[in-house]
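This is what each chain is made of:
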Amino acid sequence: MRFLALLALIGYFFSVFAQENTRYEKQIEALQKEMELLKKKSEENEIRSRIEVDHLKQQIEKISQQKNEPTSKESATDKALMEEIEKALQETPKSETTGIVSVPAGKATLRLIDISLDSLSVVGSSSARESTVRQLHGGGHDPKKRGFTNQNNELTLKGAVDPYFTAQANIVFQLDSEGETILELEEIFAETTSLPWGLTLKTGQYFTPFGRFNPQHPHSWSFVDQSVINTRLLGGDGTRGLATQISWLAPTPWYFELIGGIQNANGIAPSFLGGGEGGEEEPEEGGVTFETELPRIERDVRSFSEMLYFFRTLHSVDLSDTFTLNMGASYMIGPNATGEHTRTHMVGGDLYFKWLPEANDHGFPFVSWHTEAMYRHFEVDDVQEILLEDDGSFAGIGFVSPKRKLQDWGLFSQVDVGIAPHWVAGLRYDYADSDSQDKFDFHRQERQRGSLALTYFFTEFSKLRLQYNLDCSNLDLDPDHNRYEHSVWLQFEFLLGSHGAHNF
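Our subject in this report is the structure included herewith. (Residues numbered from 1 in each chain as written. Predicted model: local features only at pLDDT ≥ 70, side-chain atom pairs only at ≥ 80, totals over all residues. Heavy atoms only, no water.)

### Looking at the pairing of strand E17 (residues 404–420)
As paired strands, strand E14 (residues 367–380) and E17 are joined by 14 bridges and run antiparallel to one another. Paired with Met-374 across the two strands is Gly-410, which belongs to E17. Alignment of E17 against strand E18 (residues 423–434), held across 12 bridges, turns out to be antiparallel. By the bridge assignment, Ala-420 is partnered in E18 with Trp-423. Linking E17 to E18, which pair antiparallel, is a turn of two residues; within it His-422 sits at a positive phi near 80°. (Pairing = 2+ DSSP bridges. Helix = DSSP H or I, 4+ residues; strand = E, 2+ residues; numbered from the N terminus.)

### Re the pattern of salt bridges
With the rule as written, the count across this model stands at 12 salt bridges. For the salt bridge of Arg-449 with Asp-225, the shortest nitrogen-to-oxygen distance reads 3.4 Å. Of this pair, Arg-449 sits in strand E19 (residues 447–459) while Asp-225 sits in the loop between strand E6 (199–207) and helix H4 (228–234), placing them 224 residues apart in sequence. Asp-225 carries the same exposure label as Arg-449, and that label is buried. (Salt bridge = Lys/Arg side-chain N within 4 Å of Asp/Glu carboxyl O. Buried < 20%, exposed > 50% of the residue type's maximum accessible area, 1.4 Å probe, protein only.)

### Remarks on unusual backbone geometry
Even without being glycine, Trp-197 reaches a positive phi, approximately 60°. Tracing the backbone through its elements, the reader meets Trp-197 in the loop between strand E5 (181–192) and E6. A relative accessible area of 71% means that Trp-197 is categorised as exposed. Phi angles above zero are rare outside glycine, and His-422 is one such case at about 80°. Relative to the elements of secondary structure, His-422 occurs in the loop between E17 and E18. You can call His-422 buried: its relative accessible area is 17%.

### Let's talk about the environment of Leu-195
Tracing the chain through its elements places Leu-195 in the loop between E5 and E6. For the pair formed by Leu-195 and Tyr-164, sequence separation is 31 residues and the distance between their alpha carbons is 8.3 Å. Contacts of Leu-195, omitting those with residues within four sequence positions, involve Thr-200 and Leu-201. (Contact = heavy atoms within 4.5 Å.)

### Brief notes about the packing of aromatic side chains
Applying the stated criterion across every chain, the model contains nine aromatic pairs. Both rings, one in Trp-248 and one in Phe-256, keep their centres 6.4 Å apart while their planes meet at 65°; by these two values the pair is edge-to-face. Owing to a relative accessible area of 33%, Trp-248 belongs among the partly exposed residues under this scheme. On the numbers, 4.8 Å between centres and 50° between planes, the contact of Trp-423 with Tyr-456 is tilted. Here Trp-423, found in strand E18, pairs with Tyr-456, found in strand E19; they are 33 residues apart in sequence, far enough to count as distant. Taking the relative accessible area as the measure of exposure, Trp-423 reaches 35% and is therefore partly exposed. Since its relative accessible area comes to 25%, Tyr-456 is described here as partly exposed. Each residue in the set Phe-213, Trp-221 and Phe-412 is aromatic and connected to the rest through ring pairs, giving one cluster. (Phe/Tyr/Trp six-rings, centres within 6.5 Å; stacked < 30°, edge-to-face > 60°.)

So this is what it looks like as structure tokens:
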């Protein structure tokens, strides 16, 4: 009996073991089948990937053949231009090609776009009254008050549109004295790249090519503020507007360029229809503003004679391997807003000299000398005030100012010296005057300024500048008494992006 019970127990264990073994075998078999399926799918994916890769290779070869073989719509000249662009891009260091974007559009095309943001801020103080600081520094990007001033925040977009055009846009963000943000489209223009006979066409909104300083942006200035004569005659924000110009690079042994163009006279052009007589703000005495602005009328543009015309010539001569001399002359003519037939004539000359030896360590050594002089002939129409009785009848003429011609002139001269690696010292003298005998006319008073600047370039993308100004001007009622004001400013700049680096 016991023997039969033992056999039954052994049989039970064997049956349980057999069932478990069968279950494990089924699991193993299922896993093997799943593994085989995965393997098969992997092989299929590999084959599909190979097919896709082969297909892509065929497309690349086809595009390459299309690019290398000009069609009836693409001349051999266009092909040569594209090859030059691609060669230049390949030779450009990687650090300078941040903005390269590849656009597959039937043909492989590379477009280069530089994007940058430059910021300028200044802090300082002046012996002048708070209300006078704005008059002594009348430029749109000059220090405006004791303490901090955000001078300029400039977003720049620049690049090649195609083999025929390049384009540039400068968008400026500023903070006013109240902390409010000001947005301004300062420049946006396109230039041709492939016109024959050394010609270049430029169109859009941009700074008028009058002198060397006016087209420059604040980040490229050698000093914290702009010159007095530029502020007075060309305006606090410089003269600029919607314009079109044609320039010719002459086939001479030296650099010789001629520029001629037409511009809206009612743009940012204070000496023409775009404003009053000057760019400086009115001084204040005891909280009262002197009213010295000339009367202005609303003058419509009736023909092309009501436009502003500008001309410029520039010569650049390499005196040696280390000495370069630039000489320029500029002229503008256009209507002003004091009458129906009044005009403004402006002429200027600029000289730039630079010594830069081949052995140069972060801007040391070098010497540059920049001088500009300009003259303005400003026509003013008759000004009169008609007095009326209470019933509207004529009562007489209350004020009469005869038609006259005003003359203004001035200059600035500055020297920059690389005194050590990363260090640049600058000295500038400003002078502005006119034929005015009106002691209240701040726009046309005699002004003199001496400036001393010391700049340290951490790299080509950041700098720190310390500047001292000594201003001499007549802001009081006594025409025989000039006041001397002292100002000290500390400026900091940083640059993000691939904007052209500063010169040391």
